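Chains, contacts and geometry: an overview
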Amino acid sequence: MTARLRLNDGHSIPQIGLGLWQVPAVITAQTVATGLRLGYRLIDGAAVYGNEEGQGQGVRCSEVPRDQIFVTTKIWNDAQGHDTTLRAAEAGLARLGLDYVDLLLIHWPCPARGLYIDTWRALIRLREDGRCRSIGVSNFNAPHLERLIGETGVVPVLNQIEVNPRLQQAELRALHDQLGIVTQSWTPLGQGKSFDAPAIAKAAQRSGKTPAQVILRWHVQIGASVIPRSTREAGLAENLDIFDFALTPEEMADIATLDEGTRCGPDPARFEML
Ligand SMILES: NC(=O)c1ccc[n+]([C@@H]2O[C@H](COP(=O)([O-])OP(=O)(O)OC[C@H]3O[C@@H](n4cnc5c(N)ncnc54)[C@H](OP(=O)(O)O)[C@@H]3O)[C@@H](O)[C@H]2O)c1
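The following paragraphs examine the structure supplied in this document.

Quick notes on the rules
What you see as residue numbers is a count from 1 along each chain, following the sequence as written. Thresholds applied to this predicted model are a pLDDT of at least 70 for local features of residues and 80 or more for the giving and counting of side-chain atom pairs; totals over whole chains, interfaces and linings are not thresholded and use all residues. Remark: hydrogens and water are excluded; side-chain values derive from all non-hydrogen atoms of the structure. Note on conventions: DSSP H or I runs of at least 4 residues are helices, E runs of at least 2 residues are strands, and numbering of each starts at the N terminus. In protein, a polar contact requires one atom able to donate a hydrogen and another able to accept it; more generally it is a pair of N or O atoms within 3.5 Å, and residues adjacent in sequence count only if both atoms are side-chain atoms. Think of it in three bands: with a 1.4 Å probe and only protein chains considered, a residue is buried below 20% of the maximum accessible area for its type, exposed above 50%, and partly exposed in between. The contact criterion used is simple: two residues touch if any of their non-hydrogen atoms lie within 4.5 Å. What the arc measures is the spread of directions leading from the helix axis to the C-beta atoms.

**Quick look at the environment of Glu 233**
Secondary-structure assignment places Glu 233 in helix α9 (residues 233–240). In this structure, the C-alpha to C-alpha distance between Glu 233 and Leu 38, residues 195 residues apart in sequence, is 8.6 Å. In this structure the side chain of Glu 233 is engaged in a polar contact, spanning 3.4 Å, whose partner is the side chain of Arg 37.

Right, dumping it as structure tokens:
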């Protein structure tokens, strides 16, 4: 049983989940099935990952009941706009073979296109229609969040952003806390770039855990939901096994010093790819 975080709409989300970016479509159903068997209850997908069919198949064919699995998908940039988003969401549900998803996200704000408010209004409607339980955003910076909330009055339950030891996002996470938004960390392992950092290696040695487990535990202790990806069964199991130890305040302080503000992924203020 993994920990859960409360969402501002009354639902809750598992604190750890399985990410599906770059999981080849042919092995996605099997990867999801293995994850569910090992104890994952949150499966993070997206239209643009090209593997929603496998995501849905893994969920539908599992012995774990649907209402115990938290399914996320995302609206890709080329579908932004009110009616296009409504259609994209229906197409996503059809690919997943599901009646609803637990969480629907706007994948990127694409601020230059100026469509994320219309897109958000479509998500509000999809939630009212029962096609998704909760609605949130991804890669939104403070100005995007403030505009969204200011114009619609509806606060996203979650913002899925890049967070790892080299990009700790303390300011944006503090804003999330103030607004009642859960932070969810993508590329949480930071491409392994901090595995050898003394702060990580020392904590790993002290706790008898791997560098990846120390980093995932750090995400949990900063209060984030975290969605590591692995296509190896051993990796999936390792990443889930982080609830039987804790980092000390000194170890948390040491890891805080690794922040360099450097991204693995694109800058949301400029990313407009269709
Ligand atoms: N919203 C967005 O814009 C956005 C952007 C990027 C990602 N995401 C989401 O976030 C999820 C996670 O991010 P990510 O896939 O970029 O990266 P990640 O989970 O940080 O890292 C995945 C990589 O680390 C390896 N790995 C996994 N567990 C490991 C372990 N215990 N020890 C050593 N290596 C390990 C994996 O290889 P193996 O498979 O060989 O284990 C894979 O190469 C994505 O899958 C996606 O769902 C969202």
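**Considering the side chain of Ser 225**
In this structure, Ser 225 sits in strand β10 (residues 225–226). Exposure remark for Ser 225: the relative accessible area of 0% places this residue in the buried category. A polar contact is formed between the side chain of Ser 225 and the backbone oxygen of Pro 14, at a distance of 3.4 Å. Residues in contact with Ser 225, not counting those within four places in the same chain, are Leu 5, Ile 13, Pro 14, Gln 15, Leu 42, Val 182, Thr 183, Gln 184 and Ser 185.

**Considering helix α6 (residues 170–179)**
One full turn of an α-helix is made of 3.6 residues, so residues set three or four places apart face in the same direction. If you check which residues of α6 are buried, you get Leu 172, Arg 173, Leu 175 and His 176. End-on, the buried residues of α6 take up no more than an arc of 155°, which puts them together on one face. Opposite the buried face of α6, by more than 90 degrees, sit the exposed residues Glu 171, Asp 177 and Gln 178. Tucked inside the fold, the buried residues of α6 contact α5 (142–152), β8 (158–162) and β9 (182–186). Gly 180, located one to two residues past α6, shows a positive phi value of around 80°.

By themselves, these are just geometric observations and shouldn't be taken as functional.
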